[in-house]
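Residues per chain are reported as follows:
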Amino acid sequence: MSKQEVIICHNLEENLNKAINQCPHDKLFVLADEHTRELCIPVLSEFDCIKNAHFIYIGAEDVHKNLETLAYVWKELGDKGASRHSLLINLGGGMVTDLGGFAASTFKRGIKYINIPTTLLAMVDASVGGKTGINFNGLKNEIGVFSPAESVLIDANFLKSLDIRNLLSGYAEMLKHGLISTHDHWIELLKFDFNNIDYKVLQSLVGKSVQIKEDIVEQDPFERGIRKALNLGHTVGHAFESLALETQHPILHGYAVAWGIVCELYFSHIKTGFPKDKLRQTILFVKEHYGVMPFNCKQYERLYEFMKHDKKNSAGIINFTLLTEIGNIQINQSASKDEIFEMLDFYHESMGCWSPFKQMERIVQTFHLSDTIKTSFIYSQLQSIKLLTIKQLEYL
């Protein structure tokens, strides 16, 4: 896989003009969604280098990252005369760069494309590394290819148009990069002040985050080994996203990753000895900034089913990326169904949404207890609530 050029922009027009000139083409296309059409196209429309471009607009948000939208982009390219020598610019968040990259990589067996990510999530994750694709059959990124953009242009000025939720969504991927890199970078990320955002500091952190991902992707472009480090938090996170889509309450990708990190750092602590104090610090950061993923014990089975479809799995075994310490990565770590359910229990407990009554409900449902035994069991469990609460405090 060819190496893409990632450019931290100081003059977007100059950088874009250079990137376009490095890709000889017969026609130029720009793909944007409803958000970037309103907020970002007015900026680019002033640039001479795209004055003759053909524009394609699609719906915003992850609900449009599907086969229907992909087919629409293919049709627009065809109807507007695109050839194998055309060039596509993807302007938008991760949904646009993922879908647009896949559209470019498959149209007429592949045309060149450039990514201009406009969200923090796209800057530090989706637009870098060559992964493209769409959601399919209720599963995240089920269909796609590895196909890097010719260039990725990162301009932190776009971040000023984002609300706090979208900033935090991207920041979860940066937190992941901190966890798989160095202790100092992880601490630096935990200390960032979202109540008084310094965009110069944020741009510096973005640059570090992109470099961490680039270094890993260069070592393992097709995710056969160390690139799986970038999946920390994603086995559970993608299951959370799929459940949210299925129940028609979609969540931002970064929020799902943040909640997934809590779960998978718990596994890291239990299975590979990740330090409890760093688990606790990360949980507190996630609780403060991301809140809680709403689900109940009746949905454990469904979450487990979603995890069984994860692309990192092999021979039906669910694989996780875990840590023994910050920067010390253990890929291809497996877990049983019972361990996964215990992990989900821990999530409820440590994130403050856990209730002993929910735990009792799951056990009663699992074993189909009679009314007499059920009453006795519930009484005994009520006696142990105090002890369970003490256990919860260990991580808070």
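Below is a short write-up of the structure. Predicted model, so just to flag it, every value in this text is computed and none were measured.

Turning next to the overall build of the chain. A tally of regular secondary structure across the chain gives 17 helices and ten strands. The contacts in the chain between residues at least 6 apart in sequence include a share of 77% that link residues at least 24 apart. For the chain, the computed accessible surface area is about 17500 Å², with 50% contributed by carbon and sulfur atoms.

Right, let's talk about a negative patch on the surface for a bit. On the surface, Glu-13, Glu-14, Glu-46 and Asp-48 cluster together to form a negatively charged patch. Its place among the elements puts Asp-48 in the loop between helix 3 (41-44) and strand 3 (54-58).

Strand order in this open sheet of six strands is 1-8-5-4-2-3, and the pairing throughout is parallel. If you trace the sheet from one side to the other, it starts and ends with strand 1 (5-8) and strand 3, each paired once. Direction aside, the axes of adjacent strands within the sheet are offset by 20° on average. Pairing geometry for strand 5 (residues 112-117) and strand 8 (residues 151-154), over two bridges, is parallel.

Counting residues in hydrophobic clusters, the biggest one holds 121 residues, and the most contacted among them are Tyr-171 and Ile-340. Broken down by element, this core gets its largest block of residues, eleven residues, from helix 11 (residues 253-272). Excluding anything up to four places from it in sequence, Tyr-171 contacts Leu-120, Glu-188, Leu-189, Phe-192, Phe-194, Leu-202, Leu-205, Phe-285 and Tyr-290.

Backbone geometry places Arg-109, a non-glycine residue, at a positive phi of 65°. The phi angle at Asn-332 is positive, at roughly 55°, despite the residue not being glycine. Along the chain, Asn-332 turns up in strand 10 (residues 328-334).

Locating Lys-160 in the fold gives a position in the loop between strand 8 and helix 7 (164-179). Its relative accessible area of 52% is what places Lys-160 among the exposed residues. Spatially, the C-alpha atom of Lys-160 lies 9.6 Å from that of Thr-119, the residues being 41 residues apart in sequence.

Moving on, we get to the pattern of salt bridges. Applying the stated rule across the entire model yields 16 salt bridges. Notably, a salt bridge pairs Lys-131 with Glu-223, separated by 2.8 Å at the nearest N-O pair. Here Lys-131, found in strand 6 (residues 131-136), pairs with Glu-223, found in the loop between helix 9 (199-219) and helix 10 (234-246); they are 92 residues apart in sequence, far enough to count as distant. Here the salt bridges do not stand alone but share partners, grouping Asp-125, Glu-173, Lys-176 and Lys-213 into one network.

The next subject is the packing of helix 10 against helix 13 (residues 300-308). Where helix 10 meets helix 13, the axes come as close as 8 Å, and the angle between the chain directions of the two elements is 120°. By the angle class used here, helix 10 and helix 13 are oblique. Judged by the twist between their axes, the crossing of helix 10 over helix 13 is right-handed. Packed against helix 10, whose contacting residues are Thr-235, Val-236, Ala-239, Phe-240, Ser-242, Leu-243 and Glu-246, the element helix 13 presents Arg-302, Leu-303, Phe-306 and Met-307 at the interface. When grouped by side-chain class, the residues that make up the contact of helix 10 with helix 13 number seven nonpolar, two polar and two charged.

Glancing now at the side chain of Thr-118. Relative to the helices and strands, Thr-118 resides in the loop between strand 5 and helix 6 (120-126). Dropping the residues within four chain positions of it, Thr-118 is found in contact with Thr-36, Cys-40, Leu-91, Gly-92, Gly-93, Met-123, Phe-158 and Leu-162.

An ideal rise of 1.5 Å per residue puts 18 Å on 13 residues; helix 4 (residues 67-79) measures up with 18 Å between its terminal C-alpha atoms. Within the sequence span of helix 4, burial applies to Thr-69, Leu-70, Val-73, Glu-76 and Leu-77. One side of helix 4 carries all its buried residues, which in axial view fall inside an arc of 125°. Away from the buried face of helix 4 by more than 90 degrees, exposed residues Glu-68, Lys-75 and Asp-79 are located. Elements that come into contact with the buried residues of helix 4 comprise strand 2 (28-33), strand 3, helix 5 (94-106) and strand 6. Of the residues that open helix 4, the one with a side-chain oxygen 3.3 Å from the backbone nitrogen of Glu-68 is Asn-66. One or two positions beyond helix 4, positive phi appears at Gly-81, with a value near 85°.

Analysis parameters
Residues numbered from 1 in each chain as written. Predicted model: local features only at pLDDT ≥ 70, side-chain atom pairs only at ≥ 80, totals over all residues. Heavy atoms only, no water. Helix = DSSP H or I, 4+ residues; strand = E, 2+ residues; numbered from the N terminus. Contact = heavy atoms within 4.5 Å. Areas by Shrake-Rupley, 256 points an atom, 1.4 Å probe, with all protein chains shown as cover. Patch = residues over 30% accessible without salt bridge, like charges linked within 9 Å, V, L, I, M, F, W, Y side chains within 5 Å. Salt bridge = Lys/Arg side-chain N within 4 Å of Asp/Glu carboxyl O. Lys, Arg positive; Asp, Glu negative; His and termini not counted. Charge placed at Lys NZ, Arg CZ, Asp CG, Glu CD. Pairing = 2+ DSSP bridges. Axes fitted to C-alpha atoms, helices over the stretch in contact; angles between N-to-C directions. Core = buried A, V, L, I, M, F, W, Y, C linked by side-chain atoms within 4.5 Å. Buried < 20%, exposed > 50% of the residue type's maximum accessible area, 1.4 Å probe, protein only. Parallel < 35°, antiparallel > 145°, perpendicular 65-115°, else oblique. Left-handed = near helix turned anticlockwise from the far one by under 90°. Nonpolar A, V, L, I, M, F, W, Y, C, P; charged D, E, K, R; others polar. Expected span 1.5 Å × (residues − 1). Arc of directions from axis to C-beta. Polar contact = N/O pair within 3.5 Å; in protein donor to acceptor, adjacent residues only side chain to side chain.

Purely spatial values, then, with no claim about function.
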